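Letter by letter, the chains look like this.
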Amino acid sequence: AQTVTQSQPEMSVQEAETVTLSCTYDTSENNYYLFWYKQPPSRQMILVIRQEAYKQQNATENRFSVNFQKAAKSFSLKISDSQLGDTAMYFCAITGTASKLTFGTGTRLQVTL
Amino acid sequence: NAGVMQNPRHLVRRRGQEARLRCSPMKGHSHVYWYRQLPEEGLKFMVYLQKENIIDESGMPKERFSAEFPKEGPSILRIQQVVRGDSAAYFCASSPGGTVNNEQFFGPGTRLTVL
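Residues numbered from 1 in each chain as written. Chains lettered and ligands numbered in written order. Predicted model: local features only at pLDDT ≥ 70, side-chain atom pairs only at ≥ 80, totals over all residues. Heavy atoms only, no water.

Draft legend 1. A look at the state of the cysteines. Within this structure, the stated rule accounts for two disulfides over all chains. The disulfide that involves Cys23(A) links it to Cys92(A), with 2.0 Å between the sulfurs. Since a negative S-S torsion denotes a left-handed disulfide, the Cys23(A)-Cys92(A) link at about -70° is left-handed. Taken together, the residues Cys23(A) in the loop between strand 3 (19-21) and strand 4 (24-26) and Cys92(A) in strand 10 (residues 88-95) connect sequence positions 69 residues apart. In this pair, the class of Cys23(A) matches that of Cys92(A), namely buried. Paired through a disulfide, Cys23(B) and Cys92(B) show a sulfur-sulfur distance of 1.7 Å. Taking the sign of the torsion about the S-S bond as the criterion, the disulfide between Cys23(B) and Cys92(B), at about -45°, is left-handed. (Disulfide = S-S within 2.5 Å. Helix = DSSP H or I, 4+ residues; strand = E, 2+ residues; numbered from the N terminus. Buried < 20%, exposed > 50% of the residue type's maximum accessible area, 1.4 Å probe, protein only.)

In structure tokens form, the structure reads like this:
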């Protein structure tokens with residue numbers, strides 16, 4: 001079974017600052033993918049970034065980047081130059097050969113002026 | 001190319017009634033996943049279907065819940081004799097294949113309220 005742990009229920013960051021959201025996971029599989037999803041108040045699930053486990057290079061998407069530490073089973077999300085529109089719930093997730101996604105409990109991020 | 005469609009967006013049922021939630025995957029996608037999100041929690045996997053087949057139903061409650069994805073038409077998640085604890089947001093996702101590298105695209109969800 002795969003598990004995902006997000007230990008920060010809530011985070012706050014000022015506009016234009018940088019924030020890092022933590023995620024740890026556990027899996028017995030060698031071939032898996034890790035994801036960060038954003039869920040704004042509209043509740044739509046939006047894929048922010050994904051990382052293939054066999055790739056050592058950390059994924060980046062514009063202001064979003066990850067720090068993937070495979071040995072430590074850690075997958076944190078860094079948001080640079082935070083914007084008000086980044087205010088949302090952020091979920092870390094993992095998928096493996098079973099295809100289904102396993103989600104963490106989420107981190108509520110509030111971006112303030 | 002339209003995204004994943006779910007209807008209704010909001011559904012209110014009284015205890016004991018049936019709830020039917022529909023999901024139309026993206027064009028060209030033949031794999032559908034259903035997830036449930038209880039208030040203030042993350043999404044939990046329920047069932048994974050391919051056209052006319054249930055591939056994995058390990059997350060489905062043993063009673064009252066069923067799912068189908070017929071050859072023609074949307075995928076249906078059916079909840080019989082709803083109880084207050086069924087109140088949640090139900091999300092459908094679709095993908096073009098069932099392998100680990102296929103991204104799942106999510107619909108907007110159906111929020112079920114049981115009175």
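Draft legend 2. Just the pattern of salt bridges, in detail. Tallying each qualifying case throughout the model produces nine salt bridges over all chains. A salt bridge links Glu52(A) to Lys55(A); its shortest N-O distance comes to 3.3 Å. Between Asp56(B) and Lys100(A) there is a salt bridge whose closest N-O contact spans 3.8 Å. Of this pair, Asp56(B) sits in strand 6 (residues 53-56) while Lys100(A) sits in the loop between strand 10 and strand 11 (101-103), placing the two residues on different chains. Here the salt bridges do not stand alone but share partners, grouping Glu18(B), Arg20(B) and Arg78(B) into one network. (Salt bridge = Lys/Arg side-chain N within 4 Å of Asp/Glu carboxyl O.)

Draft legend 3. A look at the environment of Thr110(B). Residues and elements named next belong to chain B. Tracing the chain through its elements places Thr-110 in strand 11 (residues 110-114). Sequence separation between Thr-110 and Glu-52 is 58 residues, and the spatial gap between their C-alpha atoms is 22 Å. Setting aside residues up to four positions removed in sequence, Thr-110 forms contacts with Gln-6, Asn-7, Pro-8, Arg-9, Leu-11, Leu-21, Ala-88, Ala-89 and Tyr-90. Within the structure, the side chain of Thr-110 is placed 2.5 Å from the backbone oxygen of Pro-8, a separation counted as a polar contact. (Contact = heavy atoms within 4.5 Å. Polar contact = N/O pair within 3.5 Å; in protein donor to acceptor, adjacent residues only side chain to side chain.)

Draft legend 4. Structural context of the layout of surface pockets. In this structure, the largest pocket encloses a volume near 390 Å³. Elements supplying a minimum of two residues to the lining of the largest pocket: strand 10 and strand 12 (107-112) of chain A together with strand 9 (88-95) and strand 11 of chain B. In terms of residue class, the lining of the largest pocket is made up of eleven nonpolar, five polar and five charged. Estimated volume of the second largest pocket: approximately 250 Å³. What lines the second largest pocket is a set of 16 residues, and nearest its centre among them are Ala1(A), Gln2(A), Lys100(A), Leu101(A) and Thr102(A). Mapped by element, the contributors of at least two residues to the lining of the second largest pocket are strand 11 of chain A together with strand 5 (43-50) of chain B. (1 Å grid on protein atoms, 1.4 Å probe; cavity = no way out; pocket = protein on both sides within 12 Å on 5 of 7 lines; lining within 4 Å. Points joined across faces, edges and corners; volume = space filled by probe spheres on them. Nonpolar A, V, L, I, M, F, W, Y, C, P; charged D, E, K, R; others polar.)

Draft legend 5. Main features of the interface of chain A and chain B. If you look at the interface, chain A gives 22 residues, while chain B gives 24 residues. Carbon and sulfur atoms supply 50% of the area that chain A and chain B bury against each other, a total of about 1,800 Å² over both sides. Looking at the side of chain A facing chain B, the largest losses of area belong to Arg43(A), Ser99(A) and Lys100(A), adding up to 30% of the total buried there. Counting every contact that joins chain A to chain B gives eight residue pairs in polar contact (both at pLDDT 80 or more). Broken down by secondary-structure element, the contributors of at least two residues to the side of chain A that touches chain B are strand 5 (33-39), strand 6 (46-52), strand 10 and strand 11 of chain A. When residues of the side of chain A that touches chain B are assigned to their parent elements, the largest contribution, three residues, is made by strand 5 of chain A. Here the residues of the side of chain A that touches chain B sort into nine nonpolar, nine polar and four charged. (Buried area = accessible area lost by both parts, 1.4 Å probe.)

Draft legend 6. Geometry of the sheet that holds strand 3 (residues 19-24) of chain B. Residue and element names in this part refer to chain B. A sheet is described by the order of its strands in space; here four strands give the open sequence 1-3-8-7, paired in antiparallel fashion. Lying at the two open borders of the sheet, with one neighbouring strand each, are strand 1 (5-7) and strand 7 (65-68). The mean inter-strand angle of the sheet, taken between neighbouring strand axes irrespective of direction, is 15°. Two elements, strand 3 and strand 8 (residues 75-79), share five bridges in a ladder whose sense is antiparallel. Pairing of Leu-21 across the sheet is with Leu-77, part of strand 8. (Pairing = 2+ DSSP bridges. Axes fitted to C-alpha atoms, helices over the stretch in contact; angles between N-to-C directions.)

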